[in-house]
Structures are given as C-alpha cells and as structure tokens.
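Listed here are the chains, written in short residue letters.
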Amino acid sequence: MTDEARTLPVTVIGGYLGAGKTTLVNHLLRHANGRRIAVAVNEFGALPIDQDLIVGAEGNVLTLAGGCICCTFGSDLVAGLMDLAARAGTIDHILVEASGVALPGAIAQSLSLVGGLSLDSIAVVADAETVRVRASDAYIADTITRQLADADIVLLNKIDLAPDFASLRDWLVPFAPNADMVPVTHGQVAPEIVFGIGSAFDASAPRSLHNAQGLYSEAFDLSHPVHAAVLATGLAARDLGLVRAKGFVRDAVRGPTLIQVVARRPTLSTAPPTAPVGRLVCIAHGRPIDRRAVAAIISRARGAL
C-alpha cells in the first residue's frame, strides 16, 4: 500500500489494437461533467479526437471543448507529462492513451519520474469478442496477457458481440488477478469508473444511488477514528466487488487521511485541510453494494486502533 501526496491524477488507458481505446477517450471527453481533462497520445495520426470536440490547434496541442486539451508526446513520454504537470492549475485529470502494443504498467511506472503526478488507475480496454483468441495467438499473446496483468480495471468493450459476460469474466481472472471487470458497449462506461469519485462528496449528494448504467453508489458516515490501512485493505477485497472507494477518515496515528481504492489497489495519503473528513463513498458496477459487509469492515477498522 503506497502513501501518496495530493497530486494531479493520471489514468493510463491501455489495450491492444482495435479494442476501442480511442472510442472510450472520446466518450469520456463528451461526459467530462465539468472536469478539465488532458489527453496525452503518442501521435495524432488519424486524429483520435472527434472533430466536433476540437476548438483549436497549435503545435502539438489541440484545444478541446470544456477546457480540455489533447497533446502528443511522441517518443518522450516523460517530457510530455512534465509539460502537463506544469498545467496543473488548468486541468483536473490526465488520460494517457497508450499505443496498442504498449505495456500500460511501464507507462504508469514513468509517473514516478514526474513531480506533481500520481497514478489514479490503469484501465485496459479488451475486445470482448476476440480477446480469448488473441490471448492464444503465438505472435501477440504475450502483449495481450501482459496488458491485462497490469490492469486495475478491465473494460470489456463490444460486450454485445460476446454476451456471455460471466464466462468471459471467469476466464479473465487469472490473466488480470487484481482487476475488476466491467462490461461496456461502444466505449460507453460510467465516467466515475475511470475518473473516480468526485461529486459524491458534495453535501447534497444522495446516500444511495443506482443509475441506468448499472452503477451503484453508497455513502457511509465515519464519525469515529479508524485504522486507515485496515479499512482500505478491507475495501479492496475481491468478494466485496467494489470498483472504487474513497474516504476522508480520522486515523489515530496519521491524522486526517484520504483512502482511495481502485479494484484491488488501496492507497493512503494525507487529506487536504478542506476535506470532508468522516465520509466514505463506495462504487460498484452491476450489483448492489453490501452495506452490512462494508459496515463490518468499518467496525474492524475501528477495533484495530
């Protein structure tokens, strides 16, 4: 479990050629919900961003609607990320769209070379119709399986062409043991799965939420101190089935602490002074959240002090 300072979050989007990464990125830009997103791509090539989203262009930067931008980093990813880190006051989240043959884990590791950035998640897009065949192809199987192994979240795109989601999910577990599996059609995923939990911390946010995309959200009050590491580890358990969790808690040793969980990966960091300490929000996809199970984990975290 890592301890990260408050930094600009980065989501690495990986996946093999044709899986639907660019379709996903355009969907996320259209549903940014006020987030100012920076998209970093290896090269513009055939223009990965939909034309109607582009406001202007200068050099290697496209200005997009809603305060978003897209830039190319060519062969120097670290330099490109440094440029984006310098824009931290004008952007809220960075998406790095990896090339189809790149290993997203290697890109994620490069974030440690750039101050002011931190890994939010690795989302790997897999073609639900062809991933099994490709994973057995002697020429590309190694790339496919290594991409899956890096994932925090596997977005099973084109699930309408492979409707037996349960069977595909079970087959994928050994290849992506730390990931949560989310079925997707045409790259249309709930933005909260990729970007994390934001507006759910507003005072007016509902305690429970279920939307048409199969997203479930539950909020919990944490008025008493807890052992933050025990809480985060419990929330990351596979049986609980959470895609994400975020909480600002009082830790008896650490003080105000931010807990974030992406599938099986928990992180802890110091909560900012203005954080709404005492609130935990959990998100699941495709099934309701077991409030009793979460309450039991909170109880264990209180008892561990």
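Relevant structure appears above.
Analysis parameters
- Residues numbered from 1 in each chain as written.
- Predicted model: local features only at pLDDT ≥ 70, side-chain atom pairs only at ≥ 80, totals over all residues.
- Heavy atoms only, no water.
- Axes fitted to C-alpha atoms, helices over the stretch in contact; angles between N-to-C directions.
- Helix = DSSP H or I, 4+ residues; strand = E, 2+ residues; numbered from the N terminus.
- Parallel < 35°, antiparallel > 145°, perpendicular 65-115°, else oblique.
- Left-handed = near helix turned anticlockwise from the far one by under 90°.
- Contact = heavy atoms within 4.5 Å.
- Buried < 20%, exposed > 50% of the residue type's maximum accessible area, 1.4 Å probe, protein only.
- Pairing = 2+ DSSP bridges.
- Right-handed = clockwise from strand over helix to strand, strands pointing away.
- Phe/Tyr/Trp six-rings, centres within 6.5 Å; stacked < 30°, edge-to-face > 60°.
- Lys NZ or Arg CZ within 6 Å of the ring centre and 35° of its normal.

A word on the packing of helix 8 (residues 228-235) against helix 9 (residues 291-303)
No. 1: Running from N to C, helix 8 and helix 9 point in directions that differ by 155°, and their axes come no closer than 8 Å. Here helix 9 runs roughly antiparallel to helix 8, going by the angle between their axes. By crossing handedness, the relation of helix 8 to helix 9 is classed as right-handed. Contacts between helix 8 and helix 9 pair V230, L231, G234 and L235 from the former with V294, I297, I298, R300 and A301 from the latter.

Describing the pairing of strand 16 (residues 279-285)
On a regular strand, one side chain projects to one face of the sheet and the next to the other, so that they alternate.
No. 1: In terms of burial, strand 16 is largely enclosed, as 7 of its 7 residues are buried.
No. 2: The two faces of strand 16 match: R279, V281, I283 and H285 on one face and L280, C282 and A284 on the other face are all buried.
No. 3: In this sheet, strand 16 lies alongside strand 12 (residues 215-221) in antiparallel orientation, the contact comprising 7 bridges. Note on strand 16: the bridge partner recorded for F220 is L280.
No. 4: As paired elements, strand 13 (residues 242-251) and strand 16 share 6 bridges and run antiparallel to each other. Opposite F248, over in strand 16, you have R279 as the bridge partner.

A look at the pairing of strand 10 (residues 180-183)
No. 1: Where strand 9 (residues 153-157) meets strand 10, 4 bridges bridge the pair, whose relative direction is parallel. Across the sheet, the residue bridging to V154 is M181, located in strand 10.
No. 2: Handedness of the crossover joining strand 9 and strand 10 through helix 6 (residues 165-172): right-handed.

Brief notes about the packing of aromatic side chains
No. 1: One pass over the full model with this rule turns up 1 aromatic pair.
No. 2: Considering the side-chain rings of W171 and F175, the 4.8 Å spacing of their centres and the 45° angle between planes classify their relative orientation as tilted.
No. 3: The exposure class of W171 is partly exposed, given its relative accessible area of 22%.
No. 4: Note that R291 overlies the ring of F220, its terminal NZ or CZ placed 4.2 Å from the centroid.

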